[in-house]
Amino acid sequence: MAAALNLKLLAVNFLCIFPFLIFLSEAKIASYIHEDDSLVQSSFCHDTILSFLPPPYRRQKGFACSQPWGSYFQDGDNVTTIVLSKDKFLGWIGIGFSKDGGMVGSSAVVGWTGGVKNIDNDKEEVEPGIAKFLLEGKNIESVTSFKGELNFTDTPPFVIWNNNSFYMGFQAKFDAPLGQQYMILAIGSDQPTLTPHSKEPSDRLVRLTKHTDQAVMQVDFSSGHNSRVKRHRDLKASHGAMGLIAWGVLLPFGAIIPRYFKHHDPQWFYLHISIQIVGFLLGLATVLVGTILYSGLDSNRTPRLKIHRPIGSLAFFLSILQVMALILRPDKASKWRKYWNLYHHWAGRLALFLGGLNIVIGIWVAEAGSSWKITYGFFVTFILLTVAVLEASLGLGRSKKADASPVFGSN
């Protein structure tokens, strides 16, 4: 009785501090997302004039220093000038204009430093260069050079080395002034592959190597202020991994324990509660990360989120009801116990069903690779096999008890 009372007091205390935990966790995650990214830097933020750059890329009045990605200037003719730089770097830097924050369908500009590239045990000297790209898909074969919707002006783009720093810049003309614009930034540590039979890099098709780092940003070109950075590259994977572990592993296994291990009383109860609370807290972290990710996307341009988000919210709401069940749990002798059992069991089953369904939808929304599908498929298969074995064992145990009962009652 004392243990049950302590458990209820623990649950009450947890629910009292629950809103504070949400606020504190969301603030911590938000601070992580908005911290500066070190992919590239802008020397315009430090130097008054970069005289070694070709005009009009030198520092001029109106250029906005926009750490951490670069500097830009937008004139009255809808022409935008962008300069990027990175210290002590070999490889390529790419910046893309995206309609919805995603890679597919974006138009980009990529500059590469030049250097030695190993191809089939042979070394090739790659000259520095810059080119437009169309990102038609997420694999390397779908990134096509000298295509895209960006229109360069008559001022040629440039790449240049100066004092161990790599600089690249370009001018693009748009139909209207840029306002809020999603930008994709990526870097690769290897030189691109250029097709042979041409002396000038600008005349050769370019095959990029896979990026080693990336970031998604939302830049306000109209204000001239620093860009508002959204770090999605790791957070998106963390959201999926935490959701998969919480709703695909911990909570289902926690729900298995009461059905098959009640003969280990009271150990089954405390193990059940412990696993479910850990799963709930991990689900809470999943929701917080998802909320921050959603705030950086245009939901009208990402219609799949209109399915994923409400299902996740409903599943999490049902999980809160399951935590509240600790407080509402009546004694076994209470007449309300059967109603509590119905509430606890069916709310839990519905939450697990929605959580599992939302994992599948999340993989679809994120266009995740086969590794995510295989991993979740493995967990689902393992859980179903475990349930099948335990259910067969439970049925066998009941059968033995029935066989051991006397056929006729004794006097």
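Everything quoted here is computed from the prediction, not taken from an experiment.

Peer 1: Just checking my understanding: could you explain the overall build of the protein for this structure?
Peer 2: A tally of helices and strands in the protein yields six helices and 17 strands. For the protein, buried positions account for 41% of its 411 residues. Taking the contacts inside the protein whose residues are at least 6 apart along the sequence as the reference set, 68% of them involve residues at least 24 apart. Accessible surface computed for the protein: about 22700 Å², of which carbon and sulfur atoms make up 61%.

Peer 1: Is there a simple way to think about the packing of aromatic side chains in this case?
Peer 2: A ring pair, where both rings are aromatic, is described by two values, the distance of the centres and the angle of the planes. Scanning the model with the defined rule gives 12 aromatic pairs in all. On the numbers, 5.4 Å between centres and 50° between planes, the contact of phenylalanine 97 with phenylalanine 174 is tilted. Residue phenylalanine 97 is found in strand 4 (residues 92–98), and its partner phenylalanine 174 is found in the loop between strand 12 (165–173) and strand 13 (180–188); the two are separated by 77 residues along the sequence. A residue is classified by how much of its surface remains accessible, and phenylalanine 97, at 9% relative accessible area, is buried. The class for phenylalanine 174 is buried, based on a relative accessible area of 17%. Between phenylalanine 253 and phenylalanine 382, the ring centres sit 6.0 Å apart and the planes meet at 50°, which makes this aromatic pair tilted. Here phenylalanine 382 lies in helix 6 (residues 370–404) and phenylalanine 253 lies in helix 2 (residues 233–260), a separation of 129 residues in the sequence. Judged by its relative accessible area of 25%, phenylalanine 253 is partly exposed. By the ring-pair criterion, three or more aromatic residues cluster together here, those being Phe253, Phe378, Phe379 and Phe382. One cation-aromatic arrangement involves lysine 132 over phenylalanine 152; the distance from NZ or CZ to the ring centre is 5.3 Å.

Peer 1: I tried to follow empty space enclosed by the protein on my own but got confused; where do I start?
Peer 2: Where empty space is left in the structure can be found by rolling a water-sized probe over the atoms. Going through the model one piece at a time under the given rule, you end up with one cavity of 30 Å³ or more. By volume, the largest cavity amounts to about 260 Å³. Residue assignment for the lining of the largest cavity shows that the elements contributing at least two residues are strand 4, strand 5 (106–112), strand 8 (129–135) and strand 13. With four residues, strand 4 is the largest single contributor of residues to the lining of the largest cavity.

Peer 1: Got a minute to help me understand the nonpolar core in this structure?
Peer 2: In summary, soluble globular proteins display a tendency toward joint burial of nonpolar side chains. Residues Ile93 and Phe97 are the most contacted members of the largest nonpolar core, which totals 22 residues. Where this core is concerned, the elements lending two or more residues are strand 3 (79–87), strand 4, strand 12, strand 13 and strand 16 (213–220). The element that contributes the greatest number of residues to this core is strand 12, accounting for four residues. With residues near it in sequence (within four places) discarded, phenylalanine 97 still touches Ile82, Ser106, Ser107, Leu150, Phe170, Phe174, Leu178, Gln181, Tyr182 and Met183. Counting residues in each nonpolar core, the second largest holds 16 residues, with Leu244, Ala315, Ile363 and Val365 among its members.

Peer 1: Where do I start with the confidence of the model for the protein in this structure?
Peer 2: Atom-level detail of predicted coordinates should not be read off regions where pLDDT is low. Looking at the protein, pLDDT values average 76 and 73% of them are 70 or higher. Under a pLDDT of 50 for its full length, residues 1–37 has, in the predicted model, 47 contacts with residues more than four places off or in other chains. Per-residue pLDDT stays below 50 along residues 407–411; that stretch engages in zero contacts with residues further than four places along the chain or on separate chains.

Peer 1: How should I be thinking about helix 4 (residues 305–328) in this particular structure?
Peer 2: For an α-helix the count is 3.6 residues per turn, leaving residues at separations of three or four pointing the same way. With 24 residues, helix 4 should cover 34 Å at 1.5 Å per step; its first-to-last C-alpha distance of 34 Å lies within 8% of that length. All buried positions along helix 4 are accounted for by Leu305, His308, Ile311, Ala315, Phe316, Leu318, Ser319, Ile320, Gln322, Val323, Ala325 and Leu326.

Peer 1: How do you make sense of the environment of threonine 153 when you look at a structure like this?
Peer 2: Structurally, threonine 153 is set in the loop between strand 10 (151–152) and strand 11 (158–162). Remark: the alpha-carbon pair of threonine 153 and threonine 80, spanning 73 residues in sequence, is separated by 9.6 Å. In contact with threonine 153, not counting residues within four places along its chain, are Val79, Gln171, Ala172 and Lys173. Here glutamine 171 takes part through its side chain, which lies 2.9 Å from a polar atom of the side chain of threonine 153.

Peer 1: Please clarify how the pairing of strand 8 should be interpreted in this entry.
Peer 2: Sheet faces and side chains relate simply in a regular strand, where the side chains alternate between the two faces. Taking burial as the measure, the seven residues of strand 8 include six buried ones, the bulk of the element. When strand 8 meets strand 9 (residues 143–145), the two strands line up antiparallel, connected through three bridges. Counted as the bridge partner of leucine 135 is valine 143 from strand 9.

Peer 1: Whenever I open this one, a nonpolar patch on the surface confuses me. Can you help?
Peer 2: On the surface, a cluster of nonpolar side chains totalling about 530 Å² of accessible area is made up of Trp336, Tyr339, Leu342 and Trp346. Residue placement: tyrosine 339 occurs in helix 5 (residues 337–365).

Peer 1: Looking at this structure, I do not really get the pattern of salt bridges. What am I missing?
Peer 2: A side chain with one charge may pair with a side chain of the opposite charge, provided their charged atoms come close. The final tally for this structure, using the stated rule, is two salt bridges. The partner of lysine 99 in a salt bridge is glutamate 149, with the nearest N and O atoms 3.9 Å apart. Of this pair, lysine 99 sits in the loop between strand 4 and strand 5 while glutamate 149 is found in the loop between strand 9 and strand 10, placing the two residues 50 residues apart along the sequence. Exposure class is identical for lysine 99 and glutamate 149. Each is exposed. Residue arginine 259 pairs with glutamate 391 through a salt bridge whose shortest N-O separation is 2.8 Å. A residue pair is termed long-range when its members are at least 10 positions apart, and arginine 259 in helix 2 and glutamate 391 in helix 6 qualify at 132 residues. Judged by relative accessible area, which is 46%, arginine 259 ranks as partly exposed.

Conventions used here
- Residues numbered from 1 in each chain as written.
- Predicted model: local features only at pLDDT ≥ 70, side-chain atom pairs only at ≥ 80, totals over all residues.
- Heavy atoms only, no water.
- Helix = DSSP H or I, 4+ residues; strand = E, 2+ residues; numbered from the N terminus.
- Buried < 20%, exposed > 50% of the residue type's maximum accessible area, 1.4 Å probe, protein only.
- Contact = heavy atoms within 4.5 Å.
- Areas by Shrake-Rupley, 256 points an atom, 1.4 Å probe, with all protein chains shown as cover.
- Phe/Tyr/Trp six-rings, centres within 6.5 Å; stacked < 30°, edge-to-face > 60°.
- Lys NZ or Arg CZ within 6 Å of the ring centre and 35° of its normal.
- 1 Å grid on protein atoms, 1.4 Å probe; cavity = no way out; pocket = protein on both sides within 12 Å on 5 of 7 lines; lining within 4 Å.
- Points joined across faces, edges and corners; volume = space filled by probe spheres on them.
- Core = buried A, V, L, I, M, F, W, Y, C linked by side-chain atoms within 4.5 Å.
- pLDDT = per-residue confidence, 0-100.
- Expected span 1.5 Å × (residues − 1).
- Polar contact = N/O pair within 3.5 Å; in protein donor to acceptor, adjacent residues only side chain to side chain.
- Pairing = 2+ DSSP bridges.
- Patch = residues over 30% accessible without salt bridge, like charges linked within 9 Å, V, L, I, M, F, W, Y side chains within 5 Å.
- Salt bridge = Lys/Arg side-chain N within 4 Å of Asp/Glu carboxyl O.

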